[in-house]
Amino acid sequence: MAKQEQPGLLILEIGGVCGVLEGHVELLKKHFHLITMNEFLKNKERLSEKIKSVFIYADRPVVDRELLQSLPHLKVIANSGVGVNHLDLKLISSFGVKVTNTPHAVSDSTADIGMALMLASARRLVEGCQIAVSPQTERFAADWLGDEVTGATLGIIGMGSIGYKVAKRAKAFEMKILYHNRNQRKEEEEQAVGARYCEKMEDLLQQSDFVILVVNLTPQTHKFIGKRELELMKPTATLINISRGAVVDHDALVEALQNGIIKAAALDVTYPEPLPRDHPLLKLKNILITPHLGIKTDKATRMITEEAVANILAALNGLPMPNEVFP
Ligand SMILES: O=C(O)[C@H](O)CO
């Protein structure tokens, strides 16, 4: 097929913070004629007829009514990760456009980050590293202690595909695994990893040494973990968030960390990202923050592109999409 006949795929840009990764451009070019947002805006009239799909990397480009109105032949918006909280699914669906995501591509790398945060926080890895490299350090203190992850109780809030991958890893660490799921008990997964279902999230919060958040951000989970939930946790417990920043009420978290309500927090996600440099969370010692590293591996990002391509091709050919997201 000649390149100009290929369906147009709108992307934000190549490279940059939210652009398609340079290394994945060739894969996309095999199937689509790539049109960057800048090109589109400069040649809207000519290009709007050609674009049948949009590839969203992180939360860019912003898909609003204006963009949807300017793409009359749009069939599908392919989201590069699993979370689609930045998309107005009802609005998009009202234009007859489908949305897809890439759950398989991201689950291992995101679960790995969950474990990394738990281990790093429990064993005070970042602090330890600073001591080891500091020119002021003359000897290592014998009473500088961390907590053990092995054998501790992990509470997983959200047993979807990432939550389950976290549970599998936790099993290898001989952890006691509790989980809470708002919608559905997962009996097969429970048995596979020896997890115990907590119908009430309160029970999980009260019993866990580590609580990990793996829920989607929806209106129901916005500030899901606030003052009340933090107060239910053990004073020795650590909160880990690998879902979306806004699942945790940051003001309540600052207070809980300052007052010893919980021991520590480890966050791969915040709101906004990055936090303003004077944000009170950044001033705390008992917190570990990483820059949304969940999907940031070579393998995961490549798989994301491959999964997105499969979704788009299915949509354009009128076939069932492997990962359609419904409003
Ligand atoms: O949703 C996801 O898959 C990641 O957090 C990337 O946005």
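Residues numbered from 1 in each chain as written. Predicted model: local features only at pLDDT ≥ 70, side-chain atom pairs only at ≥ 80, totals over all residues. Heavy atoms only, no water.

Undergrad: Outline the overall build of the chain, listing residues and values.
TA: When you go through the chain residue by residue, the secondary structure sums to 13 helices and 13 strands. Over its C-alpha atoms the chain spans a radius of gyration of 22 Å, differing by no more than 12% from the 20 Å that the globule rule assigns to 327 residues. Principal-axis analysis of the C-alpha atoms gives the chain an extent of 70 × 50 × 35 Å. When each of the 327 residues of the chain is scored for burial, the buried share is 50%. Sequence-distant contacts in the chain: of pairs separated by 6 or more residues, those separated by 24 or more amount to 64%. Split by element, the accessible area of the chain, about 16800 Å² in all, is 51% carbon and sulfur. Positive and negative charge centroids in the chain, built from 38 and 39 side chains respectively, lie 2 Å apart. (Helix = DSSP H or I, 4+ residues; strand = E, 2+ residues; numbered from the N terminus. Rg over C-alpha atoms; globule rule 2.2 N^0.38 Å. Buried < 20%, exposed > 50% of the residue type's maximum accessible area, 1.4 Å probe, protein only. Contact = heavy atoms within 4.5 Å. Areas by Shrake-Rupley, 256 points an atom, 1.4 Å probe, with all protein chains shown as cover. Lys, Arg positive; Asp, Glu negative; His and termini not counted. Charge placed at Lys NZ, Arg CZ, Asp CG, Glu CD.)

Undergrad: Explain the nonpolar core residue by residue, including any values.
TA: In terms of nonpolar packing, the biggest core is built from 51 residues, with Phe55, Leu154, Ile156, Val166, Phe210 and Ile242 touching the most fellow members. Top contributing element to this core by residue count: helix H6 (residues 103-122), with 9 residues. Ignoring anything within four residues of it in the chain, the contact list for Leu154 reads Met118, Val166, Ala170, Met175, Lys176, Ile177, Leu178, Ser208, Phe210 and Ile212. In this structure, Phe224, Ile225, Met233 and Leu284 belong to the second largest nonpolar core, which totals 31 residues. (Core = buried A, V, L, I, M, F, W, Y, C linked by side-chain atoms within 4.5 Å.)

Undergrad: Could you give me a rundown of the site of the ligand, with the residues and numbers involved?
TA: For the ligand, the full set of nearby residues is Gly81, Val82, Gly83, Val106, Arg244, His292 and Ile295. Note that an oxygen atom of the ligand is positioned 2.8 Å from one of the backbone N or O atoms of Gly83. Contact between the ligand and Arg244: an oxygen atom at 2.8 Å from a side-chain N or O atom of the residue. Residue classes in the shell around the ligand are distributed as 3 nonpolar, 3 polar and 1 charged. (Near = heavy atom within 4 Å. Polar contact = N/O pair within 3.5 Å; in protein donor to acceptor, adjacent residues only side chain to side chain. Nonpolar A, V, L, I, M, F, W, Y, C, P; charged D, E, K, R; others polar.)

Undergrad: Report on the pairing of strand E3 (residues 51-56), specifying residues and quantitative values.
TA: Of all 6 residues in E3, 5 are buried, a share of seventy percent or more. Sheet topology note: the strand E1 (residues 8-11)/E3 ladder contains 3 bridges and is parallel. Paired with Leu9 across the strands is Ser53, a residue of E3. Where E3 meets strand E4 (residues 76-79), 4 bridges bridge the pair, whose relative direction is parallel. If you follow Ile56 over to E4, its bridge partner there is Asn79. (Pairing = 2+ DSSP bridges.)

Undergrad: Describe the UniProt feature "domain: D-isomer specific 2-hydroxyacid dehydrogenase catalytic" (unreviewed entry) in the chain, and please don't skip the residues or the numbers.
TA: Following the UniProt record, one finds the feature "domain: D-isomer specific 2-hydroxyacid dehydrogenase catalytic" (unreviewed entry) at residues 23-325. Helix makes up 39% of residues 23-325 and strand makes up 16%, while its end C-alpha atoms are separated by 27 Å. (UniProt positions renumbered as here; feature names shortened; annotations may be inferred.)

Undergrad: Residue-level account of the UniProt feature "domain: D-isomer specific 2-hydroxyacid dehydrogenase NAD-binding" (unreviewed entry) in the chain, with values.
TA: Residues given the UniProt feature "domain: D-isomer specific 2-hydroxyacid dehydrogenase NAD-binding" (unreviewed entry) here are residues 115-294. The span residues 115-294 shows a helical share of 32% and a strand share of 16%, and its end C-alpha atoms are spaced 11 Å apart.

Undergrad: Which residues make up H6, and what values go with them?
TA: Between its first and last C-alpha, H6 extends 28 Å over 20 residues, near the 28 Å set by a 1.5 Å rise per residue. Burial runs high along H6: 15 of the 20 residues are buried. A positive phi of about 55° marks Arg124, the residue just after H6. (Expected span 1.5 Å × (residues − 1).)

Undergrad: Run through the pairing of strand E11 (residues 264-267), naming residues and quoting values.
TA: Within a regular strand, side chains alternate between the sheet's two faces. Burial along E11 is two-sided: the residues Ala264 and Ala266 and Ala265 and Leu267 are all buried. As paired elements, strand E10 (residues 238-241) and E11 share 4 bridges and run parallel to each other. Bridging from a neighbouring strand, Thr238 pairs with Ala264 of E11. Note on the crossover from E10 through helix H12 (residues 250-258) to E11: the handedness is right-handed. (Right-handed = clockwise from strand over helix to strand, strands pointing away.)

Undergrad: Quick one: what's the story with the sheet that holds E10, residue by residue and with numbers?
TA: The strand order E8-E7-E6-E9-E10-E11-E12 describes an open sheet built from 7 strands, whose pairing is parallel. Single-partner strands in this sheet number two, and they are strand E8 (195-197) and strand E12 (287-289). Sheet twist, expressed as the average angle between the axes of neighbouring strands with direction ignored, equals 15°. Note: strand E6 (residues 153-157) against strand E7 (residues 176-180), 5 bridges, orientation parallel. (Axes fitted to C-alpha atoms, helices over the stretch in contact; angles between N-to-C directions.)

Undergrad: Can you break down the side chain of Gln6 residue by residue, with the values?
TA: You can see Gln6 is positioned in the segment before E1. Within the structure, the side chain of Gln6 is placed 3.4 Å from the backbone oxygen of His31, a separation counted as a polar contact.

Undergrad: Describe helix H13 (residues 298-316), listing the residues and the values that go with them.
TA: For H13, spanning 19 residues, the distance from its first C-alpha to its last is 27 Å, which sits close to the expected 27 Å at 1.5 Å a residue. Among the structural elements, E1, helix H1 (25-31), E3, E4, strand E5 (98-100) and H6 are those in contact with the buried residues of H13. Positive phi appears at Gly318, one or two residues downstream of H13, with a value of about 70°.

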